[in-house]
Amino acid sequence: MTLNVYNTLTRSIEEFIPFHGKKVNMYVCGPTVYDHCHLGHARSYVSFDVIRKYLIYRGYDVNYISNITDVDDKVINRARETGEDPFVLSRKFTESFIEDMETLSVLAPDTQPKVTEHIPEIIETVGTLIENGTAYVTHKGNVYYDLTKSMDKIGILSHQTVEGLMEGSGNRIDVENDKSYQLDFVLWKSASENEPGWESPWGWGRPGWHIECSFMSMKYGSEQLDIHGGGMDLIFPHHEAEIHQSESCSGEHPFSKYWLHNGFLTIHKEKMSKSLGNFFTIKEVLSKFSPGTIRFFIVYTQYRSTIDFSEETLKEAGRARKRLLNTISNVKHALKKAHEDGNDNGLTDLISETRDAFINSMDDDFNTREAIGNLFVFSRKINSIITSEKPGRLSLEKILEFYSEINEVLGILTEDEKPASEDVANGLSEEDITEMIGLREKAREEKDWAKSDAIRDNLKEKGIFIEDRKDGIRWKRM
Ligand code: AMP
Ligand code: ZN
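The structure contained in this document is the topic of the report that follows. (Residues numbered from 1 in each chain as written. Chains lettered and ligands numbered in written order. Predicted model: local features only at pLDDT ≥ 70, side-chain atom pairs only at ≥ 80, totals over all residues. Heavy atoms only, no water.)

### Observations concerning the site of ligand 1
So the rule is basically this: Neighbouring residues are identified by heavy atoms, a residue being near a molecule or strand if any of them is within 4 Å of it. Identification of polar contacts relies on pairs of N or O atoms within 3.5 Å, with a donor-acceptor requirement for protein atoms, meaning one able to donate a hydrogen and the other able to accept it, and with residues adjacent in sequence counted only if both atoms are side-chain atoms. Each accessible area is a Shrake-Rupley estimate made with a 1.4 Å probe; only the visible protein chains count as cover when residues are assessed. Numbering of helices and strands runs from the N terminus; a helix is a DSSP stretch of H or I covering at least four residues, while a strand is a stretch of E covering at least two. Under the convention adopted here, Pro, Cys and the residues Ala, Val, Leu, Ile, Met, Phe, Trp and Tyr are nonpolar, Asp, Glu, Lys and Arg are charged, and Gly plus all remaining residues are polar.
Around ligand 1, the surrounding shell holds 18 residues, and the nearest of these are Thr 32, Gly 231, Asp 233, Leu 265 and Met 272. Between Gly 231 and ligand 1, the recorded distance is 2.9 Å, taken from a backbone N or O atom to an oxygen atom. Contact distances for ligand 1 include 2.8 Å between a nitrogen atom and a backbone N or O atom of Met 272. Burial of ligand 1 by the protein amounts to 95% of the accessible area it has alone, namely 490 Å². At the level of secondary structure, the elements contributing two or more residues to the shell around ligand 1 comprise helix H1 (39-57) and strand S9 (225-231). When residues in the shell around ligand 1 are grouped by element, the largest group, four residues, is from H1. Here the shell around ligand 1 is composed, by residue class, of six nonpolar, nine polar and three charged.

Take a look at the structure:
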């Protein structure tokens, strides 16, 4: 089985073959920290977290780098609005971002460099581009990359023509009148002395946005990355700019062998973003939904597809995840009474088939949707085997180990430390209720009265009342 990934550079699915055997240098663009991060950011970082963890699962040695843009026009403007020191403000939101990522079980990057801690080296990198003739200084003290020196690479990642890019170039391209060519992008931005900045050979100023990623990825990764990732909105100009800068500095091509881009998280079909004001911060969503539900909501879609956000779809994600967690707790319950030398009931084969199916789906450009679909089928089979047969301890333990193995990659099966309000609300689907009633029946058959009462009380708390009648069980919502 080979791992295949969609490469934006070639617009095709390719077999994943890193430059150096099992070593993978992976760089993912980090956030600009001028506010709390929203669910769209979570979509990007959770998606790449799964990709990183799957590569580790497949035996790769991954060096994962993701930067923090802690100085930028947005940071400075926000600080002006709030009256805070820009560096205090960006530190506060860096901490907020790191906290959100931890809560969502996103593994911390191996290196998470901040722009403000690398200014002298970034200035040096800009200097290298001026010396080799691919950048120029203007009378205003700005430094621009000179795209006329690498015209052949314009559109290399966006697959657009120069004319097409010119027309759409208002988007995240600085429109300055001291540029010699409209698509040239800024490497060093001059600033007035009352603005935050640093001294440089070109006067007081600060780095442009793109140069930090070229520098950080080369310093902490390699001149040639195996994977570069980010959201689709970064393809142009940001990622194309990185290619021009990095390849000009190193003389190596390609700067990154594979370019992976996550799809958007939308709300009413529009990209969730700060600038459109249609966002929910991760913290806001966490006040209503558990981290596990949020993660499931993101991972249950393949990373390149769009996810449309609504409270209802999040609730649905919570219910679907609970079905998997219920199976795990069924297995744990069965384990308490299992015989040491009990039967395997085909479980070892079922686990091995499901593992193959998981790898197959994930090898297909990290198709988490299909991988989780297989997990539902597996879990239904497990529920039925443990109710109708009585598998032995060893086989039940293997099931739990298998769930942990999957969870190492997807991170969707970790029990929440405390119930989120979604769990307390009367948000149970019919399927959940039927499943809980089934569990209560099983407990009654086994004369586990404490468990059967606990399930009934639990349901009652959620407004579901059970009636034991001669002709069977009835339930109703209050
Ligand atoms: P920014 O701080 O805006 O540069 O965003 C940081 C990362 O989050 C980038 O890779 C963006 O593409 C990604 N991102 C921002 N908003 C969304 C969204 N609504 N859906 C998916 N990814 C997003
Ligand atoms: Zn970047």
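### Considerations on helix H12 (residues 368-388)
The test is simple: Helices are assigned an expected span. That span is 1.5 Å times one less than the residue count. Each residue is placed in one exposure class: buried if its accessible area under a 1.4 Å probe, protein chains only, is under 20% of its type's maximum, exposed if it is over 50%, and partly exposed if it falls in between.
Taking 1.5 Å as the rise per residue, H12 with 21 residues should run 30 Å; its terminal C-alpha atoms sit 30 Å apart, in good agreement. Looking only at H12, the buried set comprises Thr 368, Ala 371, Ile 372, Leu 375, Phe 376, Phe 378, Ser 379, Ile 382, Asn 383, Ile 385 and Ile 386.

### Considerations on unusual backbone geometry
At the junction of Phe 236 and Pro 237, the peptide bond is cis and its omega measures out at 0° in the coordinates. On the secondary structure map, Pro 237 appears in helix H7 (residues 235-250). The omega angle of the peptide bond from His 253 to Pro 254 is 0°, so this bond is cis rather than trans. Note on placement: Pro 254 falls in the loop between H7 and strand S10 (256-262). Although it is not a glycine, Ser 105 sits at a positive phi angle of roughly 60°. Positive phi outside glycine occurs at Lys 447, with the angle close to 55°. Tracing the backbone shows Lys 447 in the loop between helix H15 (430-445) and helix H16 (449-461). Note on Lys 447: relative accessible area 60%, which makes it exposed.

### A closer look at the nonpolar core
Using the following cut-off: By convention a nonpolar core is built from buried Ala, Val, Leu, Ile, Met, Phe, Trp, Tyr and Cys residues, the set being connected through side-chain atoms within 4.5 Å. Any two residues whose heavy atoms approach within 4.5 Å at even a single point are treated as in contact.
Ranked by internal contacts, the top residues of the largest apolar core, which has 82 residues, are Met 26, Leu 55 and Leu 410. Those residues in contact with Met 26, other than ones at most four positions away along the chain, are Phe 48, Ile 51, Arg 52, Leu 55, Val 62, Asn 63, Tyr 64, Ile 65 and Ile 227. Among the nonpolar cores identified, the runner-up in size contains 39 residues, and Ile 119, Tyr 181, Leu 183 and Trp 202 belong to it.

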